[in-house]
Amino acid sequence: MSGSLVTAARRLDALGFMPSKSGNLSVRTPRGFRITPAGLPYAELTEDALVECDADGVPFSASRRPSSEWRLHATLYAARPEAEAVVHTHSPSATALSCARQPIPPFHYMVLLAGGTDIPCARHATFGTEDLAVEAAVALVGRRACLLANHGVVAIGASLSAAETLAMEVENLASQYLALLAAGLQPVMLDEAELDEARMQFDSYGR
Ligand SMILES: [Zn+2]
């Protein structure tokens, strides 16, 4: 499981989702969670460099520092018992949109993958703080992904692969939405009935 954490971190970094060593990933463990370390380039990330913390975010080994966003991860595991993984990125389009402090609206039915009819943007709080963790947990009520104002993206999932896939989809949607706006086009939003139908279609495909 943690082997795939290294692979996933490297994959997201290769996609340009983790510029300047930003972003962080974790998976839940029986004792708490295992998270990417602070300040290590993803290309140098190994299994041994991952940091296991208790549920409060205290590392079991004093020799390693967890990612500076460990509070975000600890808070989300506490708030969302169904979450088995947390993926935080600074992917370019979603991060750009987060700087407008706007949600991704229902211009495309794929927003439903995050659990609701939009992908909200959490209220701004300084990176690495308990406030940021709380604002993210609030924005994620009824959702599995949100933007973090002037910062990036966080996605949770029932597996690492689900959280990673969702973080990728958030970037994809943000990129499409920004392209529409950049072209000067007015996106036509899906209405409630259309979103309901799309939701039923997802359900019938077992997603
Ligand atoms: Zn960040």
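Shown above is the structure to which this text applies.
Note that the coordinates shown come from a computational prediction; the quantities given were computed from them, not determined experimentally.

Just checking my understanding: could you explain helix H5 (residues 160–182) for this structure?
Helical geometry note: an α-helix holds 3.6 residues per turn, so side chains three or four residues apart project in the same direction. For H5, with 23 residues, the first-to-last C-alpha span of 33 Å sits near the 33 Å given by 1.5 Å per residue. Turning to H5, its buried residues are Leu 160, Ala 163, Glu 164, Leu 166, Ala 167, Glu 169, Val 170, Glu 171, Leu 173, Ala 174 and Tyr 177. Backbone geometry just after H5 places Gly 184 at a positive phi near 80°.

Looking at this structure, how should I read unusual backbone geometry?
Most peptide bonds adopt trans geometry, and most residues besides glycine take a negative phi value. Phi angles above zero are rare outside glycine, and Lys 21 is one such case at about 65°. Note on placement: Lys 21 falls in the loop between helix H1 (2–14) and strand E1 (24–29). Among the residues examined, Lys 21 registers a relative accessible area of 47% and is labelled partly exposed.

I tried to follow the side chain of Ser 93 on my own but got confused; where do I start?
Of note, Ser 93 is situated in helix H3 (residues 92–98). Here Ser 93 is in contact with Glu 171, Ala 174, Ser 175 and Leu 178, once residues within four sequence places are set aside.

Teacher, can you tell me more about the packing of helix H2 (residues 70–79) against helix H4 (residues 130–139) here?
In helix packing, the relevant descriptors are the interaxial angle and the interaxial distance, both defined with respect to the helix axes. Where H2 meets H4, the closest approach of the two axes is 8 Å, and the angle between their N-to-C directions is 35°. Taken as a pair, H2 and H4 cross one another with a handedness that is right-handed. Contact residues: H2 offers Arg 71, Leu 72, Thr 75, Leu 76 and Ala 79, while H4 offers Glu 130, Ala 133, Ala 136 and Ala 137. Of the residues assigned to the contact of H2 with H4, the class counts are 6 nonpolar, 1 polar and 2 charged.

Help me understand the state of the cysteines in this model?
Each disulfide is one covalent bond, formed between the sulfur atoms of two cysteines. Scanning the entire structure with this criterion turns up 0 disulfides. Here Cys 121 is not cross-linked by a disulfide; its sulfur's nearest cysteine counterpart is in Cys 146, at 7.5 Å. Given the relative accessible area of 19%, Cys 121 is considered buried.

Can you walk me through the coordination of the zinc ion in this structure?
Each donor-metal-donor angle in an ideal tetrahedron of four donors is 109.5 degrees, and each such angle in an ideal octahedron of six donors is either 90 or 180 degrees. Within the protein, the atoms that donate to the zinc ion are His 88 (NE2), His 90 (NE2) and His 151 (NE2), at distances of 2.0 to 2.1 Å. The exposure class of His 90 is partly exposed, given its relative accessible area of 21%.

Explanation requested: a negative patch on the surface in the structure shown.
Taken together, the side chains of Asp 191, Glu 192, Glu 194 and Glu 197 make up a negatively charged region of the molecular surface. Of note, Asp 191 is situated in the loop between H5 and helix H6 (192–204).

Whenever I open this one, the environment of Phe 60 confuses me. Can you help?
As for its position among the elements, Phe 60 is in the loop between strand E3 (51–54) and H2. C-alpha of Phe 60 to C-alpha of Gly 128: the two residues are 68 residues apart in sequence and 20 Å apart in space. Look past the residues within four positions of Phe 60 in its chain and what remains in contact with it is Arg 31, Glu 52, Cys 53 and Asp 54.

Can you help me understand the nonpolar core in this one?
Within soluble globular proteins, side chains that are nonpolar tend to cluster in buried spots. Formed by 42 residues in total, the largest nonpolar core has its most connected members in Leu 25, Ile 104, Leu 147, Leu 160 and Val 170. Secondary structure elements with two or more residues in this core: H1, E1, strand E4 (85–89), H3, strand E6 (145–148), strand E7 (152–157), H5 and H6. In terms of residues, this core owes the most to one element, H5, which gives 8 residues. When near neighbours in sequence (up to four residues on either side) are disregarded, Leu 25 contacts Leu 5, Ala 8, Ala 9, Leu 12, Met 18, Arg 34, Ile 35, Thr 36, His 73, Val 86, Val 87 and Leu 160. Ranked by size, the runner-up nonpolar core spans 21 residues in total, among them Phe 33, Ala 125, Leu 148 and Val 154.

So what exactly am I meant to see when it comes to the pattern of salt bridges here?
Think of it this way: side chains of opposite charge can pair up when their charged atoms draw near. Considering all chains together, one arrives at 7 salt bridges under this definition. Two residues, Arg 28 and Glu 84, come together in a salt bridge whose shortest N-O distance is 4.0 Å. Of this pair, Arg 28 sits in strand E1 while Glu 84 sits in the loop between H2 and E4, and the two are 56 residues apart along the sequence. On the accessibility criterion, Arg 28 (25% relative accessible area) is partly exposed. Note that Asp 196 and Arg 199 form a salt bridge whose closest N and O atoms lie 2.8 Å from each other. Of this pair, Asp 196 and Arg 199 both sit in helix H6, separated by 3 residues, roughly a single helical turn. A cluster of three or more residues bridged by salt bridges with shared partners is formed by Arg 31, Arg 34 and Glu 52.

About the criteria used
Residues numbered from 1 in each chain as written. Predicted model: local features only at pLDDT ≥ 70, side-chain atom pairs only at ≥ 80, totals over all residues. Heavy atoms only, no water. Helix = DSSP H or I, 4+ residues; strand = E, 2+ residues; numbered from the N terminus. Expected span 1.5 Å × (residues − 1). Buried < 20%, exposed > 50% of the residue type's maximum accessible area, 1.4 Å probe, protein only. Contact = heavy atoms within 4.5 Å. Axes fitted to C-alpha atoms, helices over the stretch in contact; angles between N-to-C directions. Left-handed = near helix turned anticlockwise from the far one by under 90°. Nonpolar A, V, L, I, M, F, W, Y, C, P; charged D, E, K, R; others polar. Disulfide = S-S within 2.5 Å. Donors = N, O, S within 2.8 Å, 3.2 Å for Na, K, Ca; no water. Patch = residues over 30% accessible without salt bridge, like charges linked within 9 Å, V, L, I, M, F, W, Y side chains within 5 Å. Areas by Shrake-Rupley, 256 points an atom, 1.4 Å probe, with all protein chains shown as cover. Salt bridge = Lys/Arg side-chain N within 4 Å of Asp/Glu carboxyl O. Lys, Arg positive; Asp, Glu negative; His and termini not counted. Charge placed at Lys NZ, Arg CZ, Asp CG, Glu CD. Core = buried A, V, L, I, M, F, W, Y, C linked by side-chain atoms within 4.5 Å.

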